[in-house]
Amino acid sequence: MLLLFFNHKPQLLTPPEYKVEDISYELGLEFDIAAHFEQDLIAYVSQFNQLVIANKLGNQLYEHSFNTRVAHPSWHPNKDLVAFWQYIEDKCVLKIISSNGKQLHETKAVSCDRIEAPLWQSDDELTLVVHHWDNSEGFLYRLSTRQFVKIPVPLNKGEKLIKALKAWENQTFYLVKQVNYHSKLITLDGNIHLSWPYPIWLATFDTKQQTIITNDESKYHNLIATHWDQQQYSVMRSTQGIFSTLSIDKHGDIFAAAESWQVNIKDNDDLPIFSSSSIDYLPVSNLLGETAFMSRRTGVCEVYLHANDKIRQLSFHQGHEYVGILNWSPDNSLLLSNRDNHIVLYDRNRTTKQFSSNLPLTLKNAGWINNKQVWGSDGENIYTYDLTGRITSKTQLKNDFIGFHHQTQQWLILKEQQLLTTTTLDNLNNINVLTTLSKQQANHFRDVRFQNQSMYWLSQWSKQDYIWQFDMQKSNAPELKKSGSLIWHYDIKPDGSLLIAKMESIEGDIKKISNKRAIKTRLN
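What comes next is a walk through the structure. All figures in this text were calculated on a predicted structure; none of them were measured in a lab. (Residues numbered from 1 in each chain as written. Predicted model: local features only at pLDDT ≥ 70, side-chain atom pairs only at ≥ 80, totals over all residues. Heavy atoms only, no water.)

### Observations concerning the sheet that holds strand E21 (residues 211-215)
Piece 1. Strands sit in the order E20-E21-E22-E23 across an open sheet of four strands; the sheet is antiparallel. Two strands lie at the open edges of the sheet, namely strand E20 (203-206) and strand E23 (232-236), each paired on one side alone. The average angle at which neighbouring strand axes cross in this sheet is 30°, direction not considered.
Piece 2. Where strand E22 (residues 223-227) meets E23, four bridges bridge the pair, whose relative direction is antiparallel. Bridged to Leu223 within E23 is Met236. (Pairing = 2+ DSSP bridges. Helix = DSSP H or I, 4+ residues; strand = E, 2+ residues; numbered from the N terminus. Axes fitted to C-alpha atoms, helices over the stretch in contact; angles between N-to-C directions.)

### Details of the nonpolar core
Piece 1. Membership of the largest hydrophobic core comes to 27 residues, with the highest contact counts inside it found for Ile33, Ile42, Ile53, Trp75 and Ile97.
Piece 2. Those elements that provide at least two residues to this core are strand E2 (30-35), strand E3 (42-46), strand E4 (50-54), strand E6 (70-75), strand E7 (81-88) and strand E25 (254-266).
Piece 3. Setting aside residues up to four positions removed in sequence, Ile97 forms contacts with Leu51, Ile53, Tyr62, Asp80, Leu81, Val82, Phe84, Lys102, Gln103 and Leu104.
Piece 4. Core analysis: the second largest hydrophobic core is formed by 18 residues, Ala83, Leu94, Leu126 and Leu143 among them. (Core = buried A, V, L, I, M, F, W, Y, C linked by side-chain atoms within 4.5 Å. Buried < 20%, exposed > 50% of the residue type's maximum accessible area, 1.4 Å probe, protein only. Contact = heavy atoms within 4.5 Å.)

### Section: the packing of aromatic side chains
Given two aromatic rings, one states the distance between the centres and the angle between the planes to describe the pair.
Piece 1. Throughout the structure, instances matching the rule amount to 14 aromatic pairs.
Piece 2. Here Trp375 and Trp411 contribute two aromatic rings whose centre-to-centre distance is 5.5 Å and whose plane-to-plane angle is 70°, an arrangement assigned as edge-to-face. Taken together, the residues span a long stretch of sequence, with Trp375 in strand E35 (residues 373-377) and Trp411 in strand E39 (residues 410-415) at a distance of 36 residues.
Piece 3. Overall, Trp411 belongs to the buried group, its relative accessible area being 5%.
Piece 4. For the pair Tyr466 and Trp468, a centre-to-centre distance of 6.1 Å together with 25° between the ring planes defines the contact as stacked.
Piece 5. Under the relative-accessibility criterion, Tyr466 is labelled buried at 14%.
Piece 6. In textbook terms, an aromatic cluster arises when at least three aromatic residues are bridged by ring pairs, as seen for Phe139, Tyr141 and Phe148.
Piece 7. Between Arg449 and the ring centre of Tyr490, over which it is positioned, the NZ or CZ distance is 5.7 Å.
Piece 8. Here the guanidinium or amino end of Lys463 rests over the ring plane of Tyr87, the centre of that ring lying 4.9 Å away. (Phe/Tyr/Trp six-rings, centres within 6.5 Å; stacked < 30°, edge-to-face > 60°. Lys NZ or Arg CZ within 6 Å of the ring centre and 35° of its normal.)

### Observations regarding the pattern of salt bridges
Piece 1. One pass over the structure, following the stated rule, counts 17 salt bridges.
Piece 2. One salt bridge connects Lys79 with Asp123, and the closest N-O pair in it is separated by 2.9 Å. Taken together, the residues span a long stretch of sequence, with Lys79 in the loop between E6 and E7 and Asp123 in the loop between strand E12 (119-120) and strand E13 (125-131) at a distance of 44 residues.
Piece 3. Judged by its relative accessible area of 46%, Asp123 falls in the partly exposed class. (Salt bridge = Lys/Arg side-chain N within 4 Å of Asp/Glu carboxyl O.)

Pasting the structure below:
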């Protein structure tokens, strides 16, 4: 059916004219918008833990608060039923309510890091996409049997499922991120129906225009429309924040959440140390008082150095590869970072060396052994390298996290909630148990920092972030140092104070982007 539809001779598209109006006016954050396809209803999330149902003029009809975060409501195509997710501890629960707030269904909790909006297939079935740190899965969920059936989305090595959506002929398509950061829209038979030469993460279908509305490649993620024959037109430029969710009704009216926020690296007085309008994170300080950090202020990941009250850009990279690791060498002369699966070294002026980790799986963490050797791990293998990138050793060790404390020359390993330590990877029988962590302390264990005999790390629980401190010489329980929403990264200054990189100044409003010609047609 779809192929017959695609075989029609393409006609030159006439781009619609749009006008924009605000639907929500509240201070704070309104996002994750879902518009009912037929009825005069919208649903969205407010302030992270409130589900709001309103009409399409923005007049609220119902609001319910939850004790943890909720996300991604989705309307049944013709009934007044809305499905949405709630984050609970390290899992997600799918719930279904009526437009007046009556709860009708709740699934068992499923392991997740984040999720996508449910996709209604029928009264009894929904397609779900669940993301984990290292992979994503699609499921068909049946309400009548409470059964999750895994969907065999055909992915090549290194590809990642982004989301599912209904499009032409009401078929279900799957948006996939490719290894080269290109994107493709496929069906379960593996056929590619559309492709884009950059990452697509925002996508929905406009039945009125028969186009897919997505983000473009710009820094501000403006909206564009793509027809099945690859014709494109601009939909809307972002004038206030970044579009984060989209939903379209049968009239072709687009309901969008536009968010504005920043990530500043804060000192103990809660003041930004670099600027007040950037997206700066991954701070690492040294004993000289310098701080290196990663920023997306240009739209891509770049490494910067803050020293002598000046900021110097160390990398000039135009690709979409991700930077998630940044560490000073023991003598503070070099910085180690990553660029996806590559290890990158910087001095105080520029990139000095970049080489592939050559690990069998995705590079998860890396660091310094001494001033002449570095290491990298993919969660199952640990490789060590000299500074030219030559591999000097390989060890197989399945772990949830591994780090190296170069002052004590100890490897620190997290495995099944146990913190372990060893002085050598050559003899894994010589491993000591430091302590056993709670699930909350071990979930999303990341950003380990060492200072003297203490180690610090970040964890996440019910979408809340926690910074812990543990004295490795004592048997005391880990101490909670800081908690809050949207703590991206942190660092420990030489005096023991925290630098926090946290998403803040968050504002989000619901916009209605109306098709002017569709309005005239409805009025006539």
